[in-house]
Amino acid sequence: DLQGAVTAWQESIRLRPSAWAARNLAVAALRQGQNEAALVYYRQAWDLAKQHSKPNTALAVECLQALVKARQFEEGMAVYQALPVKIQQFDRIQILLGRIALELGQLDVVENVLRREYAVVQEGENELTDLWTEMWMRREAAKTGEALNDVLRQRMLEKFPPPTNIDFRMIAKK
(Lines give C-alpha, C1' and ligand atoms only; values in the text may rest on other atoms or scores of the structure.)
Protein backbone atom coordinates (compact mmCIF):
# COMPACT_ATOMS: atom_id res chain seq x y z
CA ASP A 1 0.00 0.00 0.00
CA LEU A 2 2.07 2.90 -1.34
CA GLN A 3 -0.30 5.58 -0.05
CA GLY A 4 -0.20 4.09 3.45
CA ALA A 5 3.59 4.09 3.36
CA VAL A 6 3.65 7.71 2.14
CA THR A 7 1.35 8.74 4.97
CA ALA A 8 3.55 6.95 7.51
CA TRP A 9 6.74 8.58 6.16
CA GLN A 10 5.12 12.02 6.20
CA GLU A 11 4.06 11.46 9.81
CA SER A 12 7.57 10.26 10.63
CA ILE A 13 9.06 13.46 9.21
CA ARG A 14 6.52 15.56 11.11
CA LEU A 15 7.48 13.88 14.39
CA ARG A 16 11.21 13.55 13.81
CA PRO A 17 12.70 14.55 10.46
CA SER A 18 14.93 11.88 8.99
CA ALA A 19 16.91 11.65 5.77
CA TRP A 20 15.64 8.13 5.11
CA ALA A 21 11.97 9.04 5.48
CA ALA A 22 12.50 11.94 3.06
CA ARG A 23 14.38 9.62 0.70
CA ASN A 24 11.55 7.10 0.83
CA LEU A 25 9.08 9.87 -0.03
CA ALA A 26 11.30 10.77 -2.99
CA VAL A 27 11.24 7.19 -4.26
CA ALA A 28 7.46 7.02 -3.78
CA ALA A 29 7.07 10.27 -5.71
CA LEU A 30 9.19 8.85 -8.55
CA ARG A 31 7.02 5.74 -8.66
CA GLN A 32 3.98 7.99 -9.02
CA GLY A 33 5.61 9.99 -11.81
CA GLN A 34 5.99 13.08 -9.63
CA ASN A 35 9.55 13.99 -10.57
CA GLU A 36 9.51 17.52 -9.16
CA ALA A 37 8.16 16.34 -5.81
CA ALA A 38 10.82 13.64 -5.78
CA LEU A 39 13.52 16.25 -6.29
CA VAL A 40 12.13 18.29 -3.37
CA TYR A 41 12.24 15.22 -1.13
CA TYR A 42 15.74 14.28 -2.28
CA ARG A 43 16.91 17.80 -1.44
CA GLN A 44 15.29 17.48 1.98
CA ALA A 45 16.89 14.07 2.51
CA TRP A 46 20.30 15.41 1.54
CA ASP A 47 19.97 18.45 3.81
CA LEU A 48 18.94 16.25 6.73
CA ALA A 49 21.83 13.86 6.10
CA LYS A 50 24.27 16.79 6.07
CA GLN A 51 22.78 18.24 9.27
CA HIS A 52 23.43 14.97 11.05
CA SER A 53 26.90 14.59 9.47
CA LYS A 54 25.84 11.34 7.86
CA PRO A 55 26.22 11.72 4.09
CA ASN A 56 25.63 8.26 2.71
CA THR A 57 26.95 6.97 -0.62
CA ALA A 58 23.65 5.43 -1.73
CA LEU A 59 21.75 8.60 -0.87
CA ALA A 60 24.37 10.73 -2.64
CA VAL A 61 24.04 8.60 -5.78
CA GLU A 62 20.25 8.86 -5.75
CA CYS A 63 20.34 12.63 -5.13
CA LEU A 64 22.84 13.19 -7.92
CA GLN A 65 20.83 10.99 -10.29
CA ALA A 66 17.70 13.02 -9.54
CA LEU A 67 19.55 16.30 -10.09
CA VAL A 68 21.01 15.08 -13.38
CA LYS A 69 17.59 13.88 -14.54
CA ALA A 70 16.16 17.32 -13.65
CA ARG A 71 19.10 18.97 -15.46
CA GLN A 72 20.13 20.77 -12.25
CA PHE A 73 23.82 20.48 -13.03
CA GLU A 74 25.13 23.40 -10.94
CA GLU A 75 23.32 22.04 -7.90
CA GLY A 76 24.65 18.57 -8.72
CA MET A 77 28.20 19.92 -8.77
CA ALA A 78 27.63 21.66 -5.44
CA VAL A 79 26.37 18.39 -3.91
CA TYR A 80 29.38 16.53 -5.35
CA GLN A 81 31.83 19.10 -3.99
CA ALA A 82 30.24 18.89 -0.53
CA LEU A 83 30.75 15.13 -0.35
CA PRO A 84 33.55 13.67 1.72
CA VAL A 85 36.48 12.73 -0.55
CA LYS A 86 35.97 9.04 0.24
CA ILE A 87 32.41 9.18 -1.14
CA GLN A 88 33.47 11.31 -4.12
CA GLN A 89 35.69 8.43 -5.26
CA PHE A 90 32.91 5.84 -5.59
CA ASP A 91 32.41 4.63 -9.16
CA ARG A 92 28.78 5.73 -9.58
CA ILE A 93 29.54 9.13 -8.06
CA GLN A 94 32.44 9.58 -10.50
CA ILE A 95 30.27 8.60 -13.47
CA LEU A 96 27.62 11.11 -12.38
CA LEU A 97 30.37 13.72 -11.97
CA GLY A 98 31.33 13.05 -15.57
CA ARG A 99 27.79 13.83 -16.78
CA ILE A 100 27.52 16.92 -14.58
CA ALA A 101 30.92 18.22 -15.69
CA LEU A 102 30.08 17.59 -19.36
CA GLU A 103 26.88 19.59 -19.09
CA LEU A 104 28.76 22.40 -17.33
CA GLY A 105 31.42 22.43 -20.06
CA GLN A 106 34.18 21.14 -17.78
CA LEU A 107 35.69 18.81 -20.36
CA ASP A 108 38.98 18.31 -18.49
CA VAL A 109 37.00 16.93 -15.53
CA VAL A 110 35.16 14.59 -17.91
CA GLU A 111 38.48 13.38 -19.32
CA ASN A 112 39.78 12.67 -15.81
CA VAL A 113 36.61 10.72 -14.99
CA LEU A 114 37.11 8.63 -18.12
CA ARG A 115 40.70 7.69 -17.18
CA ARG A 116 39.49 5.51 -14.32
CA GLU A 117 38.51 1.88 -14.41
CA TYR A 118 35.00 1.10 -13.23
CA ALA A 119 33.94 -2.09 -11.49
CA VAL A 120 30.21 -1.22 -11.37
CA VAL A 121 29.55 -0.78 -15.08
CA GLN A 122 27.70 -3.66 -16.67
CA GLU A 123 27.64 -4.87 -20.24
CA GLY A 124 25.25 -2.75 -22.25
CA GLU A 125 25.72 0.43 -20.22
CA ASN A 126 26.52 3.32 -22.51
CA GLU A 127 27.09 6.25 -20.18
CA LEU A 128 30.89 6.12 -20.30
CA THR A 129 31.04 5.83 -24.08
CA ASP A 130 28.40 8.54 -24.37
CA LEU A 131 30.51 10.82 -22.17
CA TRP A 132 33.59 10.03 -24.27
CA THR A 133 31.89 10.76 -27.55
CA GLU A 134 30.09 13.88 -26.31
CA MET A 135 33.35 15.21 -24.84
CA TRP A 136 35.03 14.90 -28.24
CA MET A 137 31.98 16.33 -30.00
CA ARG A 138 32.03 19.41 -27.79
CA ARG A 139 35.75 19.88 -28.25
CA GLU A 140 35.38 19.67 -32.03
CA ALA A 141 32.33 21.97 -32.04
CA ALA A 142 34.24 24.54 -29.97
CA LYS A 143 37.07 24.50 -32.55
CA THR A 144 34.96 24.49 -35.70
CA GLY A 145 31.64 26.04 -34.69
CA GLU A 146 29.95 22.89 -35.95
CA ALA A 147 26.56 21.89 -34.53
CA LEU A 148 26.27 18.97 -32.15
CA ASN A 149 24.48 16.37 -34.27
CA ASP A 150 24.56 12.76 -35.42
CA VAL A 151 26.99 13.50 -38.26
CA LEU A 152 29.50 14.97 -35.84
CA ARG A 153 28.86 12.10 -33.40
CA GLN A 154 29.67 9.50 -36.08
CA ARG A 155 32.79 11.36 -37.16
CA MET A 156 34.06 11.61 -33.58
CA LEU A 157 33.37 7.90 -32.97
CA GLU A 158 35.46 7.09 -36.02
CA LYS A 159 38.23 9.56 -35.20
CA PHE A 160 38.28 8.90 -31.44
CA PRO A 161 36.86 5.44 -30.73
CA PRO A 162 36.18 4.83 -27.03
CA PRO A 163 38.98 3.02 -25.20
CA THR A 164 38.18 -0.59 -24.38
CA ASN A 165 38.29 0.01 -20.61
CA ILE A 166 35.16 2.21 -20.83
CA ASP A 167 33.38 0.57 -23.77
CA PHE A 168 30.61 -1.69 -22.49
CA ARG A 169 28.29 -1.21 -25.46
CA MET A 170 26.63 -4.24 -26.97
CA ILE A 171 27.29 -3.94 -30.67
CA ALA A 172 26.22 -6.41 -33.32
CA LYS A 173 28.78 -6.53 -36.10
CA LYS A 174 27.49 -7.04 -39.60
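Bear in mind the structure is a predicted one, so any value in this text is a computation, not a measurement. (Residues numbered from 1 in each chain as written. Predicted model: local features only at pLDDT ≥ 70, side-chain atom pairs only at ≥ 80, totals over all residues. Heavy atoms only, no water.)

Further remarks concern the overall build of the protein chain. A tally of helices and strands in the protein chain yields 10 helices and 0 strands. Scanning the protein chain from its N terminus toward the C terminus, one meets helices and strands in the order α-α-α-α-α-α-α-α-α-α. When the accessible surface of the protein chain is split by element, carbon and sulfur atoms take 51% of a total near 10,200 Å². Averaged over its 23 positive side-chain charges, the protein chain has a centre that lies 3 Å from the centre of its 22 negative ones. (Helix = DSSP H or I, 4+ residues; strand = E, 2+ residues; numbered from the N terminus. Areas by Shrake-Rupley, 256 points an atom, 1.4 Å probe, with all protein chains shown as cover. Lys, Arg positive; Asp, Glu negative; His and termini not counted. Charge placed at Lys NZ, Arg CZ, Asp CG, Glu CD.)

To continue, consider the confidence of the model for the protein chain. Averaged over every residue, the pLDDT of the protein chain is 93; residues scoring 70 or more account for 98%. No element of the protein chain has a lower mean pLDDT than helix α3 (residues 35–51), which averages 93, and none a higher one than helix α7 (residues 91–103), which averages 98. (pLDDT = per-residue confidence, 0-100.)

Formed by 52 residues in total, the largest nonpolar core has its most connected members in Leu59, Leu83, Ile93, Leu114 and Met135. If you tally residues by element for this core, the top one is helix α4 (residues 57–69), at 8 residues. With sequence-adjacent residues up to four places away left out, Leu59 is seen in contact with Ala19, Trp20, Arg23, Tyr42, Ala45, Trp46 and Ala49. (Core = buried A, V, L, I, M, F, W, Y, C linked by side-chain atoms within 4.5 Å. Buried < 20%, exposed > 50% of the residue type's maximum accessible area, 1.4 Å probe, protein only. Contact = heavy atoms within 4.5 Å.)

This brings us to the packing of helix α1 (residues 2–15) against helix α2 (residues 19–31). With their axes 9 Å apart at the nearest point, α1 and α2 run at an angle of 150 degrees to one another. With respect to each other, α1 and α2 are oriented roughly antiparallel. Read as a crossing pair, α1 and α2 show a hand that is left-handed. Contacts from Leu2, Val6, Trp9, Gln10, Ser12 and Ile13 of α1 reach α2 at Ala21, Ala22, Asn24, Leu25 and Ala28. Classifying every residue of the contact of α1 with α2 by side-chain character gives 8 nonpolar, 3 polar and no charged. (Axes fitted to C-alpha atoms, helices over the stretch in contact; angles between N-to-C directions. Parallel < 35°, antiparallel > 145°, perpendicular 65-115°, else oblique. Left-handed = near helix turned anticlockwise from the far one by under 90°. Nonpolar A, V, L, I, M, F, W, Y, C, P; charged D, E, K, R; others polar.)

Our next topic: unusual backbone geometry. Unusually for a residue other than glycine, Arg71 sits at a positive phi of about 60 degrees. Here Arg71 shows up in the loop between α4 and α5 (73–82).

The topology assignment puts Tyr41 in helix α3. A residue is classified by how much of its surface remains accessible, and Tyr41, at 21% relative accessible area, is partly exposed. As for Tyr41 and Arg116, which are separated by 75 residues in sequence, their C-alpha atoms are 32 Å apart. Beyond its immediate stretch of four places on either side in the chain, Tyr41 contacts Gln10, Ala22, Leu25, Ala26 and Ala29.

Tallied over the full model, the rule gives 2 aromatic pairs. Relative to Trp136, the ring of Trp132 lies with its centre 6.0 Å away and its plane at 65 degrees, an arrangement referred to as edge-to-face. Pair noted here: Trp132 and Trp136 are both in helix α9 (residues 127–144), with a separation of 4 residues, about one helical turn. Ring centres of Trp136 and Phe160 lie 3.8 Å apart, and the angle between their planes is 10 degrees; this geometry places the pair in the stacked category. Of the two residues, Trp136 is situated in helix α9 and Phe160 in the segment after α10 (150–159); the sequence distance between them amounts to 24 residues. Members of the aromatic cluster, connected to one another through ring pairs, are Trp132, Trp136 and Phe160. Over the ring of Trp136 we find Arg139; its NZ or CZ atom is 5.1 Å from the centre of that ring. (Phe/Tyr/Trp six-rings, centres within 6.5 Å; stacked < 30°, edge-to-face > 60°. Lys NZ or Arg CZ within 6 Å of the ring centre and 35° of its normal.)

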